[in-house]
Amino acid sequence: MNGLQDRFPLGCTVRRPSGPQWLSKVVGYYSSTFTPEGLVLECIAEGALGQVHVEPAKRMERVR
């Protein structure tokens, strides 16, 4: 998972480039049968602050 951690280091800000968009920070990683590279995200957008969700890394892009 080292490549994933290089692309999305803990604490970096990410967003979905399409569909529902919200700014989140990476707080962890996961892997499953159908999602070999997944991100655990904490929302930093107003109105959803602190909500935690998981997303496949391929759906996310790094903001900063």
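Values in this document were obtained by computation on a predicted structure and should not be read as measured data. (Residues numbered from 1 in each chain as written. Predicted model: local features only at pLDDT ≥ 70, side-chain atom pairs only at ≥ 80, totals over all residues. Heavy atoms only, no water.)

Asker: So what's going on with the overall build of the chain? Residues and values would help.
Answerer: Along its length, the chain carries 1 helix and 5 strands. The N-to-C order of helical and strand elements in the chain reads α-β-β-β-β-β. The C-alpha atoms of the chain give a radius of gyration of 11 Å, which matches the 11 Å a tight globule of 64 residues would have. For the chain, the spread of C-alpha atoms along the three principal axes comes to 30 × 20 × 20 Å. (Helix = DSSP H or I, 4+ residues; strand = E, 2+ residues; numbered from the N terminus. Rg over C-alpha atoms; globule rule 2.2 N^0.38 Å.)

Asker: Residue-level account of the sheet that holds strand S1 (residues 13–15), with values.
Answerer: Spatially, S4-S3-S2-S1-S5 is the arrangement adopted by the 5 strands of the open sheet, whose pairing is antiparallel. Both outer strands of the open sheet, strand S4 (52–56) and strand S5 (61–62), are each paired with one neighbouring strand and no more. (Pairing = 2+ DSSP bridges.)

Asker: Before we move on, can you summarise the nonpolar core with the specific residues and values?
Answerer: If you look at the biggest cluster of nonpolar residues, it comprises 9 residues: Leu4, Phe8, Cys12, Val14, Val26, Leu39, Leu41, Ala57 and Met60. Not counting chain neighbours up to four residues away, the residues in contact with Leu39 comprise Leu4, Phe8, Val26, Gly28, Tyr29, Tyr30, His53, Val54, Glu55, Ala57 and Met60. (Core = buried A, V, L, I, M, F, W, Y, C linked by side-chain atoms within 4.5 Å. Buried < 20%, exposed > 50% of the residue type's maximum accessible area, 1.4 Å probe, protein only. Contact = heavy atoms within 4.5 Å.)

Asker: Please give an account of the pattern of salt bridges that cites residues and values.
Answerer: Applying the stated criterion across every chain yields a total of 4 salt bridges. For the salt bridge of Glu55 with Arg16, the shortest nitrogen-to-oxygen distance reads 3.8 Å. In this pair, Glu55 sits in strand S4 while Arg16 sits in the loop between S1 and strand S2 (24–30), placing the two residues 39 residues apart along the sequence. Glu55 is paired through a salt bridge with Arg59; the nearest N and O atoms lie 3.8 Å apart. The class for Glu55 is buried, based on a relative accessible area of 7%. (Salt bridge = Lys/Arg side-chain N within 4 Å of Asp/Glu carboxyl O.)

Asker: Quick rundown of a nonpolar patch on the surface? Include the residues and the values.
Answerer: Nonpolar side chains collect at one region of the surface, where Leu23, Ile44, Leu49 and Val63 lie side by side and expose about 320 Å² of accessible area between them. Within the element layout of this structure, Leu49 appears in the loop between strand S3 (38–43) and S4. (Patch = residues over 30% accessible without salt bridge, like charges linked within 9 Å, V, L, I, M, F, W, Y side chains within 5 Å. Areas by Shrake-Rupley, 256 points an atom, 1.4 Å probe, with all protein chains shown as cover.)

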